[in-house]
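# Fold and geometry: a report
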Amino acid sequence: MSNNGSTVGSVSIRNVTKIFDPEGAHVLALDNCSLEIPAGEFCVIVGPSGCGKTTLLNAIAGFHGISSGEISLDGVPICTPEKMAEPGADRIVVFQNGALFPWYTVMENVIYGPVVQGKMTEAEARQAAGKILGEMGLQGIANCYINEISSGMRRRVEIARAMVNDLKILLMDEPYRAMDALTKSVMHKHLLDVYDRAHKTIFFITHDLEEAIYLGSRVVVMTTRPGRIKKVIDVDIPRPRDLQVLASERYRELKMEVLEAVQEEARKAFEAGEREFA
Amino acid sequence: MQIPSAKPKGDAVLAEITNFEAMAFRLKQWIKSPRPYLMVAGLLLFLAVWYMTTELFKLPRFEKLPGPVAVIREWLSEDPSYGISIYVSEYYLHIIKSMMRVFEAFGLATLLGVPLGLFMGWKKVFRDYTFPIDETLRPIPMLAWVPLAILMWPAREAAIVYLTFLAAFFATTLNTLLGVESIDEVYFRAARCLGSKPRHIFFRVVVPGALPYIFTGLQISMGVAWFSLVAGEMLAGEYGLGYLIWNSFVMVQYPIIVIAMVTLGFIGWASSAAIRFVGALLMKWKVREVSP
């Protein structure tokens, strides 16, 4: 099965468990999680705070290992309990608070990947970056430093910096969390355009259920800690999507479905938190 | 390191004009504000108090100190009574000698301290080796090193430079280490995601990320270098501003003490300004960040 006509970037998460500090506090962050993400799917993960969403993303990205199970990319195991994944340009992360290098200009940030990987000369990388920045309407800020541009632009540049590489999956960790509603809606449209154009698998973490349904092909609801996959909801709203989607009957039904699943977990998380403080 | 940016020429010219205009605007605002007038008033007030206490009323404890009139007269005299003024080449010889010593010591401290600090911050193993020694030696006041410095370097010149170097070296190393530690982990992760090898992380994340702290360290290092230099020159100098101060005290040539002190103040200020200037050139991203 593939979305978007893409043939690379399928991720298979099988029985993944992650225990932090197994000798001491023994915090079970992920408990036997299994999820198949077909190539080219826009997969959105929702769940209460601390449910292990970012833990899962970090394991795929190669920032930490897992305690049991296996994660494969296009059928090749990349992360097992014995060997954590090596971070690489086939799985690029867009971080929650942004990670553009402030000491480089927008252009220097975007060409970073291809140049350090030795895949392009600097001139070639500039050409490729110029094309991507142009497609994203960012050519005017190529020579600006990161502190000179708005947070919305920074997110778009970070996506451009990822897309200029030969990546298989884009990992996004609540990238629009701190944004106002207006900027967010511009960001959503932009990301949908990028997705429709690039045919890449996207693994997207969010707390925002509306965002989840508007963007995702599937919404995966995780339980409160220890994180398990509670429910997987297919979002059968056709693409390309625009703001009209938000007014449709199907959107409302799906939102209700996700909301019910999440609310139960949010209540459990809240009660667990209350107990912790009591 | 900085990837050279291929800015179109037109843009560069535009940026220059904008920068120049921005500078002119800021200067205009500054002149309109009360700040420059308060600064001048503060300076005049200081001179007035100095004049009244030492020369006009000759208050107890101040009566032996040279007053501003005596100092300025000596400083600007073509035929100075104590042999030091802006017209005498010996004055410049003292300045140049001190500057050369600071330059050598500061240069060596930067060449050794910055790479050491970068490695200590970057590689934990390296840090574990060096940090305890560094932390034990760093708090020892420079004057305590004098006997060992003289034992190690029987030539006076080398001993003075060595003392100056030591002070500058610890300040540079520690600040560089703090600079690397201040870099957000997320940049290292991003760099690894984008396919960086260790050398790319070192030159493209560790070095530029630590630069703001490195330059703070260099400013502190320059300050302590002058401090140690003057102490060293007082003890074992033959030339230099520290020597001039001490020698003038011994020879009862009091106005020269103040001339040398004020000269030190100016040169110290100029050397800090030079470091800030180089820092601003290397960290354009920081300069633009703070500009309105």
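That block above? That's the structure.
Everything in this summary refers to the structure shown in the same document.

Procedures and definitions
Residues numbered from 1 in each chain as written. Chains lettered and ligands numbered in written order. Predicted model: local features only at pLDDT ≥ 70, side-chain atom pairs only at ≥ 80, totals over all residues. Heavy atoms only, no water. Helix = DSSP H or I, 4+ residues; strand = E, 2+ residues; numbered from the N terminus. Buried < 20%, exposed > 50% of the residue type's maximum accessible area, 1.4 Å probe, protein only. Contact = heavy atoms within 4.5 Å. Areas by Shrake-Rupley, 256 points an atom, 1.4 Å probe, with all protein chains shown as cover. Pairing = 2+ DSSP bridges. Axes fitted to C-alpha atoms, helices over the stretch in contact; angles between N-to-C directions. 1 Å grid on protein atoms, 1.4 Å probe; cavity = no way out; pocket = protein on both sides within 12 Å on 5 of 7 lines; lining within 4 Å. Points joined across faces, edges and corners; volume = space filled by probe spheres on them. Nonpolar A, V, L, I, M, F, W, Y, C, P; charged D, E, K, R; others polar. Buried area = accessible area lost by both parts, 1.4 Å probe. Salt bridge = Lys/Arg side-chain N within 4 Å of Asp/Glu carboxyl O. Parallel < 35°, antiparallel > 145°, perpendicular 65-115°, else oblique. Left-handed = near helix turned anticlockwise from the far one by under 90°. Domains from an automatic or database assignment. Polar contact = N/O pair within 3.5 Å; in protein donor to acceptor, adjacent residues only side chain to side chain.

The secondary structure content of chain B amounts to 12 helices and zero strands. For chain B, the spread of C-alpha atoms along the three principal axes comes to 70 × 55 × 35 Å. When the 292 residues of chain B are sorted by exposure, 41% land in the buried category. Contacts in chain B between residues far apart in sequence, at least 24 positions, make up 65% of those at least 6 positions apart. With the model as given, the accessible surface of chain B reaches about 17300 Å², and the carbon-plus-sulfur share is 72%.

All names here are of chain A. The six strands lie next to each other as β6-β7-β8-β3-β9-β10, forming an open sheet whose pairing is mixed. Of all the strands in the sheet, just β6 (91–94) and β10 (229–234) have a single pairing partner and so form its edges. Taken over all neighbouring pairs, the strand axes of this sheet differ in orientation by 20° on average, direction set aside. Bridging between strand β3 (residues 42–46) and strand β9 (residues 218–222) involves four bridges; their strand directions are parallel.

On to helix α1 (residues 53–61) of chain A. All names here are of chain A. Among the nine residues that make up α1, eight are buried, leaving the element largely enclosed by the rest of the structure. For α1, the set of buried residues is K53, T55, L56, L57, N58, A59, I60 and A61. Of the residues trailing α1, G62 is marked for its positive phi of about 100°.

Where empty space is left in the structure can be found by rolling a water-sized probe over the atoms. Residues and elements named next belong to chain B. For the structure shown, the criterion picks out one cavity of 30 Å³ or more. By volume, the largest cavity amounts to about 50 Å³. What lines the largest cavity is V146, A149, I150, A159, I160, L163, G232, L235 and A236. The set of elements that each furnish at least two residues to the lining of the largest cavity consists of α6 (146–152), α7 (156–181) and α9 (198–236). Here the lining of the largest cavity is built from residues that sort into eight nonpolar, one polar and no charged.

This part is about the interface of chain A and chain B. One frequent convention defines the size of an interface as the accessible area lost when the parts assemble. The interface is formed by 33 residues belonging to chain A together with 30 residues belonging to chain B. Approximately 2800 Å² of surface area, both sides summed, lies buried where chain A meets chain B, with 62% of it carried by carbon and sulfur atoms. Linking chain A to chain B there are one salt bridge. Linking B:R192 and A:E86 is a salt bridge whose minimum nitrogen-to-oxygen distance equals 3.8 Å. Counting only elements with at least two residues in the side of chain A that touches chain B, the list comes to β6, α2 (106–116) and α3 (122–135) of chain A. In terms of residue count, the dominant contributor to the side of chain A that touches chain B is α2(A) (six residues).

This next bit is on the sheet that holds strand β4 (residues 68–73) of chain A. Residues and elements named next belong to chain A. Reading across from one edge, β2-β1-β4-β5 is the order of the four strands in this open sheet, with antiparallel pairing throughout. Strands with a single pairing partner mark the edges of an open sheet, and in this sheet they are β2 (27–37) and β5 (76–79). The sheet shows a mean angle of 30° between the axes of neighbouring strands, taken without regard to direction. Sheet topology note: the strand β1 (residues 11–20)/β4 ladder contains five bridges and is antiparallel. Bridge pairing links R14 to E70 in β4. Sitting on the sheet, α1 is in contact with β1, β2, β4 and β5, with an inclination near 115° to β1.

What follows concerns the packing of helix α4 (residues 89–122) of chain B against helix α5 (residues 124–137) of chain B. All names here are of chain B. Viewed as axis vectors pointing N to C, α4 and α5 meet at an angle of 120°, and their least axial separation amounts to 6 Å. The angle between α4 and α5 falls in the class oblique. The interaxial crossing formed by α4 with α5 has left-handed handedness. Residues L116, F119, M120 and W122 of α4 lie in contact with α5, whose contacting residues are K124, F126, R127, T130, F131 and D134. For the contact of α4 with α5, the residue count by class is six nonpolar, one polar and three charged.

Time to look at the layout of surface pockets. Residue and element names in this part refer to chain B. Size it by volume and the second largest pocket reaches roughly 390 Å³. Taken together, the elements giving at least two residues each to the lining of the second largest pocket come down to α2 (35–56), α3 (68–75) and α11 (254–282). When residues of the lining of the second largest pocket are assigned to their parent elements, the largest contribution, five residues, is made by α11. Of the residues assigned to the lining of the second largest pocket, the class counts are 14 nonpolar, no polar and no charged. Residue assignment places the lining of the second largest pocket across two domains, with domain 1 (1–65) and domain 2 (80–290) each supplying three or more.

This part is about the side chain of B:T130. All names here are of chain B. By the element assignment, T130 lies in helix α5. The exposure class of T130 is buried, given its relative accessible area of 19%. Here the side chain of T130 touches F126 through a polar contact of 2.8 Å, landing on its backbone oxygen. Once residues within four sequence positions are removed from consideration, T130 is found in contact with L116 and M120.

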